[in-house]
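Topology and contacts: notes
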There are 2 protein chains.
Amino acid sequence: MKIAVDAMGGDHAPREVVRGAVQAFQESGYSVILVGQESRVREELSAIGGFPDKGIEIVHASEVVEMCDAPSVALRKKKDSSIRVGLSLVAEGKADAFVSAGNSGAVMAGGLLILKKIPGVDRPAITATIPAPYGPIVLIDAGANVDCKPEHLLQFAYMGEAYARRFIGITNPRIAVVSIGEEDSKGTDLTRETCELVRHTSLRFVGNAEGRDFFSGKADVFICDGFVGNVVVKTMEGMAQALGPFLKTEIDKSLLAKAGMLLANGAIRNMRKRLDYAEYGGAPLLGVRGGVMICHGASDQKAIKNAIRAAGAMAGFRLDEEIARSISSKGPVIV
Amino acid sequence: MKIAVDAMGGDHAPREVVRGAVQAFQESGYSVILVGQESRVREELSAIGGFPDKGIEIVHASEVVEMCDAPSVALRKKKDSSIRVGLSLVAEGKADAFVSAGNSGAVMAGGLLILKKIPGVDRPAITATIPAPYGPIVLIDAGANVDCKPEHLLQFAYMGEAYARRFIGITNPRIAVVSIGEEDSKGTDLTRETCELVRHTSLRFVGNAEGRDFFSGKADVFICDGFVGNVVVKTMEGMAQALGPFLKTEIDKSLLAKAGMLLANGAIRNMRKRLDYAEYGGAPLLGVRGGVMICHGASDQKAIKNAIRAAGAMAGFRLDEEIARSISSKGPVIV
């Protein structure tokens, strides 16, 4: 298994990316290709004592897509960017997957342009895995497509189902449409028409789900447009991060609570860890050929390491082929 | 101050509603009109030892709007429902505000039909107050309007601003549009056009906000359509409720943590209390004449009590008049 990693992508690149990549290699044994400006990548590798002859290589890419670059412009003008070069390695079969914490719009657009779509998929989608009390849930689309049609959401359902089943290991995952009421009639035209479409497939559809159902155990895969999905994922992220300050304010009020928290510290840390995006490393862009893992811009070494590990596992399952098979066998139903 | 309360509305009506109303009267001194089936309301009052001659009265309404009733049908067919009768009391000046934990669609539709809109407002909106580390934030619309135009979101901005300033006491509140990126260009046509509109007003506009900004202190008032707002509010609610089970799993793993949590219990409880919707009691429906407070269907005695208290305070500020003044003076700007 060989994973191409965007060494220049993310707020803490190349430092944290290089460190995460080396750690991933050491822990998982996956070969890693660091894609980016060679001199800077070598510098970071030297700082941590060099790198082994086998298992880690560098592929030079002279340009860097900045976070503020418009995706389409970046792809057109920066032909030798780490994003384009990294995705091309996957397209050419020289790498099994690509991991990037860089400009996610450019990674998505590049994935579409360079890797091409799986048959039956019109819109690749970002797939977030979210910890919940009854086990992880899958939210798709978490930000790739702001405007969607019902048939796109149906495709997300197929993709999310395959991901939940093969990658997370959920038997016969339950699918729900994110909406604002339980009945099919509630919501927008988009959610109503999507319900109608998904009901006529062989997917295990449980109807509409409300925001609170992300944590109620009602469904395993939640489908929505990328605007709603992105707001939801970032709301959860913000809330998880706010727990610290929230709790601290309360604890500072009482000496007894302070003493208690010292003892319970490990448990609190574990809970926050379970809510921490870095534990999942990244969110796959499903619907393109090959594997693409999009990481949080703020990714640190640990997040990169976990993303590489997840990308390797995903590529091992050949999730792209599984999705194509699933769509063609269950067929995008025309009602 | 006199508050009409829908005695028949909510999962635990009339029992919890009646108890909450009596408690609100006892604690705040607001007069309460219990609207609903008189015999059932009297029964509940007897169960808690009757009621004082002054301060609490009953207005009979023979019909009950069920949670599953379609709002428009319910309003048309059930002319003597507690929702219609309660709202009419406000329209006739016999009550200052109406509080209901019943069918929120029917309360919204009824508010529009019976109380009428404030000049300058096309769409009344539900206004959620959310605890955040840097103080409460306001989210509008939290579920009244699934499909919105930019001018509706602009009106929400005026309404939310007046609410945050007068009711919550935030000086010169900062307004943000809920979107999926910081730059004005990010998001949907709706968010982009709304940014354009709000930038040309005298409101203190801070641009787009992402989901994580609900907790980052970036803005005080967040405007969005009612679909996104409802999903966000319910996601937060679900996550707050999930903290208990999450933490318990971790704590059960260690005896030390268990001991610690006993000591820190009060602090944890306080934190969860701060995240608990019942503390805020309800969300006002802004944009109609008079005051309307929509409560969670699962409202218990405490939630109803707090909602009545908030409704009384809101009516005291004459928030409806403040909004009308604000819109007419700052003017809905045509670009």
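Above this text you will find the structure in question.
This section reports on the structure supplied with the text. These numbers were taken from a predicted model, which means no experiment stands behind them.

**Quick word on the interface of chain A and chain B**
With 50 residues of chain A at the contact, the number on the chain B side is 50 residues. Interface of chain A and chain B: buried area, both sides summed, is about 4,700 Å²; carbon and sulfur atoms make up 78% of it. One can count 4 salt bridges joining chain A with chain B. Here A:E210 makes a salt bridge to B:K234, at a shortest N to O gap of 2.3 Å. Run the count over chain A and chain B and you get 6 residue pairs in polar contact (both at pLDDT 80 or more). Elements with a minimum of two residues in the side of chain A that touches chain B: α8 (226–251) and α9 (255–274) of chain A.

**Focus: the sheet that holds strand β4 (residues 97–100) of chain B**
Residue and element names in this part refer to chain B. The 11 strands are arranged β3-β2-β1-β4-β11-β10-β5-β6-β9-β7-β8 in an open sheet whose pairing can be described as mixed. Edge positions in the sheet fall to β3 (56–60) and β8 (204–209), since each has one partner strand and no second. Shown here is a sheet whose adjacent strand axes are inclined to one another by a mean of 25°, direction ignored. In terms of strand pairing, strand β1 (residues 2–6) meets β4 through 3 bridges, oriented parallel. Looking at β4, one finds that A4 is bridged to F98. Of the strands in this sheet, β4, β5 (125–130), β10 (283–286) and β11 (291–294) are in contact with helix α5 (residues 104–115), which crosses β11 at around 170°. Each of β5, β6 (137–140), β7 (174–178), β9 (221–223) and β10 touches helix α6 (residues 150–168); the most contacted strand, β6, lies at about 150° to it.

Calculation rules
Residues numbered from 1 in each chain as written. Chains lettered and ligands numbered in written order. Predicted model: local features only at pLDDT ≥ 70, side-chain atom pairs only at ≥ 80, totals over all residues. Heavy atoms only, no water. Contact = heavy atoms within 4.5 Å. Buried area = accessible area lost by both parts, 1.4 Å probe. Salt bridge = Lys/Arg side-chain N within 4 Å of Asp/Glu carboxyl O. Polar contact = N/O pair within 3.5 Å; in protein donor to acceptor, adjacent residues only side chain to side chain. Helix = DSSP H or I, 4+ residues; strand = E, 2+ residues; numbered from the N terminus. Pairing = 2+ DSSP bridges. Axes fitted to C-alpha atoms, helices over the stretch in contact; angles between N-to-C directions.

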